[in-house]
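Residue-level listing of the chains:
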Amino acid sequence: MSELHREVSDLESKSATAARLFDIRRIIGGLFAVYGVIVTIAGITASDADLEKAQDININLWTGLAMLALGLFFLAWLKLRPIVPPPAGPAQSTEPTE
Amino acid sequence: MHYLAEGLRLPTNGLDYTILAIYFAVVLGIGFAARASVKTSLDFFLSGRSLPAWVTGLAFVAANLGATEILGMAATGAQYGVAVVHWYWIGAIPAMVFLGLVMMPFYYGSKVRSVPEFLLQRFDRSAHLLSSVLFAFAAILIAGVNLYALSIVVEALLGWPQWVSIVVAGFFVLAYITVGGLSSAIYNEVLQFFVILAALIPLTVLGLKRVGGWDGLTGSLEKSHGGDFLTAWGGTGIGDANPLGANWLTIILGLGFVLSFGYWTTNFAEVQRALSAKNLSAAKRTPLIAAFPKIFIVFLVMIPGLVAAVLVPKIGTAGSDLTYNDAIPLLMQELLPNGVLGIAVTGLLAAFMAGMAANVSSFNTVFTSDIWAKYVKPGRDDAYYLRFGRLITAIGVLASIGTAFIAASFSNIMSYLQTLFSFFNVPMFVVFIIGMFWKRASMKSGVWGLVAGTAAAMVNYFWIYKQGIIDIPSDQGANFVSAIVGFAAGAVVMVVVTLFTAPKPEAELAGLVYGTRSPGLEEPPAEGDDAWYRRPALLGWGAIVIAALCYVPYSF
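Residues numbered from 1 in each chain as written. Chains lettered and ligands numbered in written order. Predicted model: local features only at pLDDT ≥ 70, side-chain atom pairs only at ≥ 80, totals over all residues. Heavy atoms only, no water.

Student: Can you lay out the nonpolar core for me, pointing to particular residues and giving the numbers?
Tutor: When a protein is soluble and globular, its nonpolar side chains tend to lie buried together. All names here are of chain B. The biggest cluster of nonpolar side chains holds 200 residues, and the ones touching the most others in it are Trp89, Tyr107 and Met332. Sorting elements by how many residues they give to this core places helix H9 (residues 162-210) first, with 21 residues. Methionine 332 has contacts with Leu10, Leu157, Leu203, Leu341, Ala344, Val345 and Leu348, leaving out every residue within four places of it along the chain. By size, the runner-up hydrophobic cluster in this structure holds eight residues, among which are Ala138, Phe423, Phe424 and Ala457. (Core = buried A, V, L, I, M, F, W, Y, C linked by side-chain atoms within 4.5 Å. Buried < 20%, exposed > 50% of the residue type's maximum accessible area, 1.4 Å probe, protein only. Helix = DSSP H or I, 4+ residues; strand = E, 2+ residues; numbered from the N terminus. Contact = heavy atoms within 4.5 Å.)

Here you go:
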């Protein structure tokens, strides 16, 4: 038991994830903003056949705008609450990386 | 998943393929970007125990939103009607809340890195080895089924040959997990969660409009399928006939208690997401945050299923060339114009890949840290296990490509695998629950409980049900009964074995059994974790109350 605790705590102190992992909010925000723009444009240029197929709802337009809004929400969240990188502890291993 | 009808080919164009290509590029990008964060085996297998709760929570729900979930639950909706809500509101939420509020302090607090490792701490090496091997075996088989299901869907919808989609999807999963480890898998799951919502919401809205709104939907179904089709509990009295082949008792005990608790609380592909959280509070909140989307996702699969049952009243019967599994692809073809169609195809592919990735990333952890590092090559340095973890990921993906081709040679492997899965999860759950709450349960009782539970569930399924000793109307109903039988047998054997064997010394049980604490684990709460909306008890009970309220409109 205590041996497991020691081993995992030791690995945790060497762990690089918290300090180095990029922020997923940037990825979600970026992808949905791009998708939002693409799909919104498809909605603006929708043909009559497209509209008829989608039960007279301009689904591309609405979905595109919603995705764009979600993307911007994540980007705004990222901007307002950036991750504070944890201070590099003394336990950081010194082996060279990348 | 099998034999999606011919003629479901989607009218995809360059716009849709552009959307799909962007997604694949982002998936790979996440893998390579996550690479910088992997320095130790703990980074690779558990993201260094450093992720925030909303990320692990969404990954927790997304890891479950795989092949069976989206196409399978829409199929269940088309076949059984509103009763599909049982799989969510009683078959998931209580177990998720239990995992977060009751079990997580033991899982996370004991610092175990996997579910089998907990059994090693609580019982002994034989229980550990048996559960590790069973889990690793099942994970590869299920990853293969995901891959195979994906290839069938891609073939039907896009016209790619099966082997092309198996190899392409396998390659992408291999690349991003081998390079970026669990962080990469989890980040992709979070992303996939939103893409799936972007795919299912427009489909649900257009589907409802197509059949004249909710009133139009219920009106048509009442005429064609009868009133019970639109209630959760109609016809589930003991002895009554209903399409589910189950009564309220087997639904509550078999599905709601044993099967669901077994799946959500001891399936490492799920629990691993919570173990990667940054502190105990975030770990407890992981399944609780996941519970809220889970409550409402049912509408996004049930409604397309019901709409399909209106549009094609004979769906799934001999009179139609469409199977229940075709419900969502059918609506995509009928309703979605190019653009949103590309999003929907991307969402489906993402779901299959994430389902497979969850299995592969939990397989490599168990195989490396529970089997290889304990029994084959113990005592090497951490860099060795990190390298080995990458290697075994590649082997795992190749093996699942292999099992995908094996799966392709069976006609109905999907339902079989679900049954097999319940064979392994249920005994694991009984061993866990007794081990966690009964201090006296002896070291040897763990392995015998596993063996007895698995054997009893198999005997019930293959002999009592398949040979018709007792008449159970459907596979699903039989699964519920097998689960109850397996649970009871495992529990009885554990009690009996405990009475005749030595208990584990009390000092070694600290932090593993209810009522004990891990030594030196007084972790100060992180800043902001005391906010009222982050209180686990409030989140957990809130989810239970909402799920119970959701039942009200469908119960009378």
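Alright, that's what it looks like, and here's the rest.
Student: Just give me the short version of the interface of chain A and chain B, but keep the residues and values in it.
Tutor: Taken together, the 45 residues of chain A in the interface contact 58 residues of chain B. The contact between chain A and chain B buries some 4,400 Å² in all, and 71% of this surface belongs to carbon and sulfur atoms. On inspection of chain A and its partner chain B, the count reaches zero salt bridges. Only helix H1 (2-14), helix H2 (17-20), helix H3 (24-44), helix H4 (48-53) and helix H5 (59-80) of chain A provide two or more residues apiece to the side of chain A that touches chain B. (Buried area = accessible area lost by both parts, 1.4 Å probe. Salt bridge = Lys/Arg side-chain N within 4 Å of Asp/Glu carboxyl O.)

Student: Describe the packing of helix H1 (residues 14-35) of chain B against H9 of chain B, listing the residues and the values that go with them.
Tutor: Angle between the axes and distance between the axes are the two parameters that describe a pair of packed helices. Residues and elements named next belong to chain B. It is the contact of H1 with H9, at a shortest axis distance of 7 Å, that shows an interaxial angle of 125°. It follows from the interaxial angle that H1 and H9 lie oblique. As H1 runs across H9, the sense of the crossing is right-handed. Within the contact between the two elements, H1 uses Tyr23, Phe24, Val26, Val27, Leu28, Ile30, Gly31, Phe32, Ala34 and Arg35 and H9 uses Phe172, Ala175, Tyr176, Val179, Gly180, Ser183, Ser184, Tyr187, Asn188, Leu191, Gln192 and Val195. Looking at the contact of H1 with H9 residue by residue, the class counts come to 15 nonpolar, six polar and one charged. (Axes fitted to C-alpha atoms, helices over the stretch in contact; angles between N-to-C directions. Parallel < 35°, antiparallel > 145°, perpendicular 65-115°, else oblique. Left-handed = near helix turned anticlockwise from the far one by under 90°. Nonpolar A, V, L, I, M, F, W, Y, C, P; charged D, E, K, R; others polar.)

Just distances and angles here, no functional claims.
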